[in-house]
Amino acid sequence: MRMWLACILMLLTASAGAQDLYMVRSDMAFPEAMIELQSAIREQGYVLSRVQRVDIGLTAFGFKTDRYRVVFFGKPGEIEQLGASYRDLVPYLPLKIAIFSEGDETLLLASSFQHLRSFYSQKALSEQFDKWEADIQSILEKVRLSE
Amino acid sequence: MKRRLRYMYSTLAFMLAASACAQGAPPGGNALYQQHCAACHGSDGGGGVGMPLNLPDFLAVASNDYLRNTLRHGRPGRVMPAFPALAEAQVDAIIQTVRGWSDAPAPEYHGKPVKGDAAHGKQLFAQHCAACHGEHGQGGTGTGVTFSRPREAPIMAPALNNPGFQQSVSDGMLKATLLRGRRGTPMPAITALGLTEDDASDLVAWLRELPVDGVSTKSHESPVIRMESSYSFDETLDNLKKAVEARNFNIIREQTLDTGFVEEGKEDKRQYIVYFCSFSLLNDALSIDPRVGLFLPCRVTIQETDNGVELVTINPEKLSHLFNNRELDKACERMHRLYTEILEEATL
């Protein structure tokens, strides 16, 4: 029975393919998309730790840019446990999603963990990457489909 | 046992049938387009990080084979990824959606090569095309049309020496593009420049001789740069800040890894992050590719472990290939050098 379930899972996931980046476009303007993103992150069970205002820094130094932010988030237990157990993973923590304006619409971008898998082959970490990838895609899809 | 086998066979048959149905009747083309293409090419094909697809002159000359091959091969090193996992029916559905933006029928080109004088084509290319498409056909800088940032050109000139482009485009389509031009972009019809149909053939012959651009192979590198320090935690932190500022970066934030996740005052100070930025470099990087902000600003983490103190940061060279943008590779190589210098200076 387990083998059959594994076959079904393989068939279901085979078509998904491996993506390095997840990028979606929201029809919403930046402020609305930002609110939706923060709400989607919380609904997925994560805590927002901070928002990096990339555009503010650029503008302060005289460069022109539309709104551009990076939203950092994570689960306190995961950050503590993974940060202590996998020190090489720390530069990739907490999780983050970049969000920036493009005209009247908004683009959202996150990285998958595909590029890290061959370097962190531990089963527990592989499962953690699976979970994060599923959660990030779910968050981005919520924002993409919101109106 | 027989009953169990019959159950297993019927389950397998159901799964295969479901899979076949899924391939024959994919979700609507527009839904697929919105899911896979709209983030870069815009909801209506108007462009963004990717090129505009809804231009009448583009759709008048782009064959279905060109669109199909482009989806399959992408543009290595030029942002557009390949979509090998999409089913044939899904690719067809996306193509039909793109076709829907124009009344022009899909053109078809015979497979015969266009014959021309490549040497003469090379001269014409240098005279009329290289200013936008580059001396070697390497294309313009930046991405697509990218509305989020100021830019010099209204649209990035495509890389004509890109292996994905060369695999996708037919001689017939190249010639049709040259003769028609592309309104809404700086690409004129070559007849407006005083050139003839024979000149178009000569240009096609040269375009087919352009040396094809290579593919980056740095994806095997470690995802982090890590160095152990022989100094104490506080000394290493002090060294790190001095090394950062010596390279004209501004330190914009310092925090522990768990800041925002634990009660204020209870943070673990043995994992400490220094964020820094050169806004000029940041502006340059975002001009090359607005997606790169995902890995900015720069940061180095100083950690106290059982073995001592160490500094660790991302490896920009490892990450550059995620963006499939050759131009970004150079910026990431530069950042890799800077990170390495900073870590060395802080730890040695």
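Rules of the game
- Residues numbered from 1 in each chain as written.
- Chains lettered and ligands numbered in written order.
- Predicted model: local features only at pLDDT ≥ 70, side-chain atom pairs only at ≥ 80, totals over all residues.
- Helix = DSSP H or I, 4+ residues; strand = E, 2+ residues; numbered from the N terminus.
- Buried ≥ 20, exposed ≤ 12 C-beta atoms within 10 Å, placed from the backbone.
- Contact = placed C-beta atoms within 7 Å.
- Nonpolar A, V, L, I, M, F, W, Y, C, P; charged D, E, K, R; others polar.
- Pairing = 2+ DSSP bridges.
- Axes fitted to C-alpha atoms, helices over the stretch in contact; angles between N-to-C directions.
- Parallel < 35°, antiparallel > 145°, perpendicular 65-115°, else oblique.
- Left-handed = near helix turned anticlockwise from the far one by under 90°.

(A) Here's a closer look at the overall build of chain B. Across its full length, chain B holds 14 helices and 5 strands. Split into buried and exposed, the 348 residues of chain B put 43% on the buried side. Taking the intrachain contacts of chain B between residues at least 6 apart in sequence as the baseline, contacts between residues at least 24 apart amount to 71%.

(B) Looking closely at the interface of chain B and chain A. Counting residues at the interface gives 46 residues for chain B and 48 residues for chain A. Elements supplying a minimum of two residues to the side of chain B that touches chain A: helix H1 (2-24), helix H3 (38-41), strand S1 (224-229), strand S3 (271-277), helix H12 (279-288), strand S4 (298-305) and strand S5 (308-314) of chain B. A class-by-class count of the residues in the side of chain B that touches chain A yields 26 nonpolar, 15 polar and 5 charged.

(C) Layout of the environment of Arg247 of chain B. All names here are of chain B. Mapped onto the elements, Arg247 comes out in the loop between helix H11 (233-246) and strand S2 (250-256). For Arg247, a count of 13 C-beta atoms within 10 Å gives the class partly exposed. Discounting residues that sit within four places of it in the chain, Arg247 has contacts with Leu338 and Ile342.

(D) Molecular detail of helix H5 (residues 64-73) of chain B. Residues and elements named next belong to chain B. For H5, the complete set of buried residues consists of Tyr66, Leu67, Thr70, Leu71 and His73. Packed against the buried residues of H5 are helix H6 (88-99), helix H8 (163-168) and helix H9 (171-180). A positive phi of about 65 degrees marks Gly74, the residue just after H5.

(E) View of the sheet that holds strand S4 (residues 95-102) of chain A. Residues and elements named next belong to chain A. Taken in spatial order, the 5 strands make up an open sheet running S1-S5-S4-S3-S2, and their pairing is antiparallel. Looking along the sheet, the strands with just one partner apiece sit at the ends: strand S1 (21-26) and strand S2 (47-53). For this sheet the average axis-to-axis angle between neighbouring strands, irrespective of direction, equals 20 degrees. Relative to strand S5 (residues 105-111), S4 is paired through 5 bridges, and the arrangement is antiparallel. Of the residues in S5, the one forming a bridge with Ile99 is Leu108.

(F) Local environment of the sheet that holds S3 of chain B. All names here are of chain B. Judged by pairing direction, the sheet is antiparallel, and its 5 strands sit side by side in the order S1-S5-S4-S3-S2 without closing on themselves. The open sheet has two edge strands with one neighbour each: S1 and S2. When the angles between neighbouring strand axes are averaged without regard to direction, this sheet yields 20 degrees. In this fold helix H14 (residues 326-347) packs onto S1, S4 and S5, with an angle of close to 10 degrees to the strand it touches most, S1.

(G) Just the pairing of S3 of chain B, in detail. Residues and elements named next belong to chain B. Across the 7 residues that make up S3, a large majority, 5, are buried. Note that S2 and S3 share 6 bridges and pair antiparallel. Paired with Thr256 across the strands is Tyr272, a residue of S3. Bridging between S3 and S4 involves 6 bridges; their strand directions are antiparallel.

(H) Inspection of unusual backbone geometry at higher detail. Residue Pro94 of chain A is bonded to the preceding Leu93 of chain A through a cis peptide linkage, with omega at -10 degrees. Structurally, the position occupied by Pro94 of chain A is in the loop between helix H4 (76-85) and S4. Cis rather than trans, the peptide bond between Leu296 of chain B and Pro297 of chain B has omega equal to 0 degrees. Residue placement: Pro297 of chain B occurs in the loop between H12 and S4. For Asn248 of chain B, which is not a glycine, the phi torsion comes out positive at approximately 65 degrees. Structurally, Asn248 of chain B is set in the loop between H11 and S2. For Asn324 of chain B, which is not glycine, the phi dihedral falls at a positive 50 degrees. With respect to the element layout, Asn324 of chain B can be found in the loop between helix H13 (316-320) and H14.

(I) Spotlight on the packing of H12 of chain B against H14 of chain B. All names here are of chain B. Their axes nearest at 9 Å, the elements H12 and H14 cross at an angle of 160 degrees. Here H14 runs roughly antiparallel to H12, going by the angle between their axes. The handedness of the crossing between H12 and H14 comes out as left-handed. Of H14, the residues touching H12 (which contributes Asp284, Ala285 and Ile288) are Glu327, Leu328 and Ala331. Split into classes, the residues belonging to the contact of H12 with H14 amount to 4 nonpolar, no polar and 2 charged.

(J) Spatial organisation of the environment of Lys115 of chain B. All names here are of chain B. Positionally, Lys115 belongs in the loop between H6 and helix H7 (118-133). When the 10 C-beta atoms within 10 Å are taken as the criterion, Lys115 is described as exposed. When the C-alpha atoms of Lys115 and Val61 are compared, they prove to be 19 Å apart, with 54 residues separating the residues in sequence.

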